[in-house]
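Structural overview
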Amino acid sequence: MRRPLALALAALFAAPLAAQQQHAHVHGLAHADIAVDGGKVEITLRATAYDLVGFERAARDEAEVAAINAARALMLDHARLWRFNVAAGCVAEAPVLEVPAATGSGHGGHDHDDHGHDGHGHGHDDHAHGHDGHSHDHGGHVDWLARYRFDCARPDALRAIDVALFEAVPALQTLKIQLIDGAGARALELTPAQARIALGSAP
């Protein structure tokens, strides 16, 4: 890894919570940090509980518990949310989802870390499964945080990422992205009408 990109990656992922806290909590808006280095793709996504389940509190009945469980399953479905061109041969590690107690299922009021399974028999990355001890609940607002990692066998064929979040979460209208790839660092804003991230290559 080239040193400038390595330093940028370290700054982006060393303290994701601190970076996320700088963003305002707005319904219909989600944030993602994405880093692409060679065949490695790392994504940290933050979305509001309101957009995902329709409320920002503990579930009050079975229907709301079902809504939370459905949202958990959706956020862990990496293949549905992030789509790469087939030629790149990208395989996901098990994603991690942090759901605050404020939108938990009402069983004890503790935060939960959910670990998805990629079905490919890959081992889990110990660093990807650590809990940061925060609930992401700021002033009554509640955010869910998901982390995804992909390993692409043919990085030279990786040209774009198609984001299917808007299809999966109709309440979501805007996704603001901080992207680092071979072309450098830049900010992007996706909408349902423009949901593709074009990736650059190093000069």
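Take the overall build of the chain next. Along the backbone of the chain there are 6 helices and 12 strands. Put simply, of all contacts in the chain between residues at least 6 apart along the chain, 64% involve residues at least 24 apart. Within the structure as shown, the chain displays about 9,900 Å² of accessible surface, and the carbon and sulfur contribution to it stands at 53%.

Aromatic ring pairs are described here by two measures, namely the spacing of the ring centres and the angle between the planes. Inspection of the entire model under this criterion finds 2 aromatic pairs. The ring of Phe55 has Arg57 sitting right over it, with the charged end atom 4.7 Å from the ring centre.

We now examine helix 4 (residues 62–75). With 14 residues, helix 4 extends 20 Å from end C-alpha to end C-alpha; this agrees with the ideal 20 Å at 1.5 Å per step. Along helix 4, the positions that sit buried rather than exposed are Glu64, Ile68, Ala71, Arg72, Leu74 and Met75. The buried residues of helix 4 occupy an angular sector of 165° when projected down its axis, which confines them to one face. Of the exposed residues in helix 4, those oriented more than 90 degrees away from the buried face are Glu62 and Ala63. At the N-terminal end of helix 4, a side-chain oxygen is found 3.1 Å from the backbone nitrogen of Ala63, two or three residues along, and the residue is Asp61.

A separate point is the state of the cysteines. Under the counting rule described, the total for this entry stands at 1 disulfide. Across the disulfide from Cys90 sits Cys152; the S-S distance is 2.0 Å. With the S-S bond torsion at 105°, the cross-link from Cys90 to Cys152 turns out right-handed. Of this pair, Cys90 sits in strand 4 (residues 90–92) while Cys152 is found in strand 8 (residues 141–152), placing the two residues 62 residues apart along the sequence.

Moving on to the environment of Arg186. Of note, Arg186 is situated in strand 11 (residues 184–190). Excluding its chain neighbours within four sequence positions, the residues that come into contact with Arg186 are Ile177, Gln178, Leu179, Asp181, Ala198, Leu199 and Gly200. Of note is the side chain of Arg186, whose polar atom sits 2.9 Å from the backbone oxygen of Ala198.

This part is about the pairing of strand 11. Sheet topology places strand 10 (residues 174–181) next to strand 11; 7 bridges connect them, and they run antiparallel. The residue bridging Lys176 from the neighbouring strand is Glu189, located in strand 11. Hairpin geometry of strand 10 and strand 11 is characterised by an intervening segment of 2 residues between the two adjacent antiparallel strands.

What follows concerns the nonpolar core. Nonpolar side chains tend toward joint burial in soluble globular proteins. Of all hydrophobic cores here, the largest spans 46 residues; its most connected members are Ile34, Val41, Trp82, Trp144 and Leu175. Here this core gets 6 residues from one element, more than from any other, and that element is strand 8. Trp82 has contacts with Ile34, Ile43, Leu45, Tyr148, Phe150, Ile161, Asp162, Val163 and Leu165, leaving out every residue within four places of it along the chain.

Okay, the pattern of salt bridges next. In total, this model carries 8 salt bridges according to the counting rule given. Among the ionic pairs, Arg83 bridges to Glu167, the shortest N-O distance being 3.7 Å. Taken as a pair, Arg83 in strand 3 (residues 82–84) and Glu167 in helix 6 (residues 165–168) lie far apart in primary sequence, 84 residues in all. The class for Arg83 is partly exposed, based on a relative accessible area of 36%. Where Arg196 meets Asp162, a salt bridge forms, and the shortest distance between an N and an O atom there is 2.7 Å. With Arg196 in strand 12 (residues 196–198) and Asp162 in strand 9 (residues 160–163), the pair connects residues that are 34 residues apart, well separated along the chain.

To continue, consider the environment of Asp151. Tracing the backbone through its elements, the reader meets Asp151 in strand 8. Judged by its relative accessible area of 36%, Asp151 is partly exposed. Separated by 112 residues in sequence, Asp151 and Gly39 have C-alpha atoms that sit 5.5 Å apart. Apart from residues no more than four positions distant in its own chain, Asp151 is found in contact with Gly39, Lys40, Gly89, Cys90 and Val91. Within the local environment of Asp151, its side chain forms a polar contact with the side chain of Lys40, the two groups lying 3.3 Å apart.

Procedures and definitions
- Residues numbered from 1 in each chain as written.
- Predicted model: local features only at pLDDT ≥ 70, side-chain atom pairs only at ≥ 80, totals over all residues.
- Heavy atoms only, no water.
- Helix = DSSP H or I, 4+ residues; strand = E, 2+ residues; numbered from the N terminus.
- Contact = heavy atoms within 4.5 Å.
- Areas by Shrake-Rupley, 256 points an atom, 1.4 Å probe, with all protein chains shown as cover.
- Phe/Tyr/Trp six-rings, centres within 6.5 Å; stacked < 30°, edge-to-face > 60°.
- Lys NZ or Arg CZ within 6 Å of the ring centre and 35° of its normal.
- Expected span 1.5 Å × (residues − 1).
- Buried < 20%, exposed > 50% of the residue type's maximum accessible area, 1.4 Å probe, protein only.
- Arc of directions from axis to C-beta.
- Polar contact = N/O pair within 3.5 Å; in protein donor to acceptor, adjacent residues only side chain to side chain.
- Disulfide = S-S within 2.5 Å.
- Pairing = 2+ DSSP bridges.
- Core = buried A, V, L, I, M, F, W, Y, C linked by side-chain atoms within 4.5 Å.
- Salt bridge = Lys/Arg side-chain N within 4 Å of Asp/Glu carboxyl O.

In short, shape yes, function no, at least from these values alone.
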